[in-house]
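Results of the structural survey
Residue-level listing of the chains:
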Amino acid sequence: MIRWLAMARAPRGKAGADAPSVRRDTVRLVAFSDAVFAITITLLVLEIRPPTDDRNLLHGLVALWPSYLAYALTFLFIGQVWANHHVMFDHIRAADRVVLLLSALLLMVVAFLPFATSVLAGALRSGHGQRTAVVFYGIAFDVTALTCNAVWQYACRHRLLSEALDSAGATAISRRFQLALAWLATGALLGALLPVLGVAVIAAFNAFYWLPIRGESPRPRP
């Protein structure tokens, strides 16, 4: 037991930490993340149930508009989280255990989004509990942004970024990610007052965050 504990301890006496010389590349992390994003974004459409009354099929299909709306919002959100994840790992050159843990938490929250989408669609269809549903939906988005921020901020503070990204680009990415937290929290709060306004704020967030981040691309090597 003592021998096992000795092997588990890091050179500086911190159990479970990586040695300074350890440099895991991010290839497997990115591949696993892409798989989770792909599966989650596909599961969204399974939340849309087809109408059961074939005699009024057109009416039934039109009545599913809340499901279409929630599907589109979440699909675009997961898509831009994936795009920003791509941006992050264009620059994060190594992954220690903390990066792996934070990335796993990010994927856990992303995988939860189809449920939040189903809750929102159901509330919009029934007309009941809309405030709660929009707040719940906004919080799910905000927690996703929070975990994404955590990965990036940790990598920045522990110098895990490649030299191809200059300080201006790193700052621009950080500011964009931090703005996401405030934006989505505002959407959740406004949704508690007026559900339609909360959904509109989240929709505007999706549109804005598909725009490129200035300085996000690595500098060309001389």
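Anything mentioned here points back to the structure above.
On a predicted model such as this, the values are computed, not experimentally measured, just so you know.

Across its full length, the protein chain holds eight helices and zero strands. The helix and strand sequence of the protein chain, counted from the amino end, reads α-α-α-α-α-α-α-α. The buried share of the protein chain, reckoned over its 222 residues, is 41%. Look at the contacts in the protein chain between residues 6 or more apart in sequence, and 79% of them connect residues 24 or more apart.

Turning our attention to the environment of leucine 29. By the element assignment, leucine 29 lies in helix H2 (residues 27–46). You can call leucine 29 buried: its relative accessible area is 9%. Once the C-alpha coordinates of leucine 29 and leucine 100 are considered, the two residues, 71 residues apart in sequence, prove to be 7.4 Å apart. Apart from the residues lying within four places of it in its own chain, the contact partners of leucine 29 are His85, Phe89, Ala95, Val99, Leu100 and Ser103.

Here we take up the packing of aromatic side chains. Per the counting criterion, the structure on display carries 13 aromatic pairs. Each ring, one from phenylalanine 77 and one from phenylalanine 141, has its centre 3.7 Å from the other, and the planes form 10°; the classification is stacked. Linking phenylalanine 77 in helix H4 (residues 65–91) with phenylalanine 141 in helix H6 (residues 130–157), this pair joins segments that are 64 residues apart in sequence. No difference in accessibility class separates phenylalanine 77 from phenylalanine 141, as the two residues are buried. Plain terms: the ring middles of phenylalanine 112 and phenylalanine 136 are 5.9 Å apart, the flat faces sit at 75° to each other, and that makes the pair edge-to-face. In this pair, phenylalanine 112 is assigned in helix H5 (residues 97–126) and phenylalanine 136 in helix H6, connecting sequence segments 24 residues apart. Here a set of aromatic residues connected by ring pairs shows up, and it is made of Phe77, Tyr137, Phe141, Trp183, Phe205, Phe208 and Tyr209. One cation-aromatic arrangement involves arginine 176 over tyrosine 209; the distance from NZ or CZ to the ring centre is 5.1 Å.

A separate point is the nonpolar core. Core analysis: the biggest nonpolar cluster contains 51 residues, and Met88, Ile92 and Trp152 have the highest contact counts within it. Put simply, the parts of the chain that give this core at least two residues each are H2, H4, H5, H6, helix H7 (167–193) and helix H8 (195–209). Residue contacts for methionine 88: discarding those within four places in its chain leaves Cys148, Val151, Trp152 and Phe177.

Before going further, it helps to spend a moment on the side chain of threonine 117. Topologically, threonine 117 is positioned in helix H5. Residue classification places threonine 117 among the buried positions, given a relative accessible area of 4%. A polar contact of 2.8 Å, which involves the side chain of threonine 117, links it to the backbone oxygen of leucine 113.

Calculation rules
- Sequence order sets the numbering: in each chain, residues are counted from 1 along the sequence as written.
- pLDDT decides what is reported in this predicted model: residues at 70 or higher carry local features, side-chain atom pairs at 80 or more are listed and counted, and totals for whole chains, interfaces and linings draw on all residues regardless.
- To get the side-chain values, take all heavy atoms of the structure and skip hydrogens and water.
- Helix and strand labels come from DSSP, where a helix needs a run of H or I of at least four residues and a strand needs a run of E of at least two; each type is numbered from the N terminus.
- When a residue's accessible area, from a 1.4 Å probe over protein chains only, is under 20% of the maximum for its type it is buried; when over 50% it is exposed; and in between it is partly exposed.
- Should any heavy atoms of two residues lie within 4.5 Å, those residues are considered in contact.
- For Phe, Tyr and Trp, rings pair up if their centres lie within 6.5 Å, where Trp contributes its six-membered ring, and each pair is then called stacked (planes under 30 degrees apart), edge-to-face (over 60) or tilted (otherwise).
- Our definition puts a charge over a ring when NZ of Lys or CZ of Arg is within 6 Å of the ring centre and also within 35 degrees of the ring normal.
- What we call a nonpolar core is a set of buried Ala, Val, Leu, Ile, Met, Phe, Trp, Tyr and Cys residues that are connected through their side-chain atoms within 4.5 Å.
- Two N or O atoms form a polar contact when they lie within 3.5 Å of each other; inside protein one atom must be a possible hydrogen donor and the other a possible acceptor, and for residues adjacent in sequence the pair counts only when both atoms belong to side chains.

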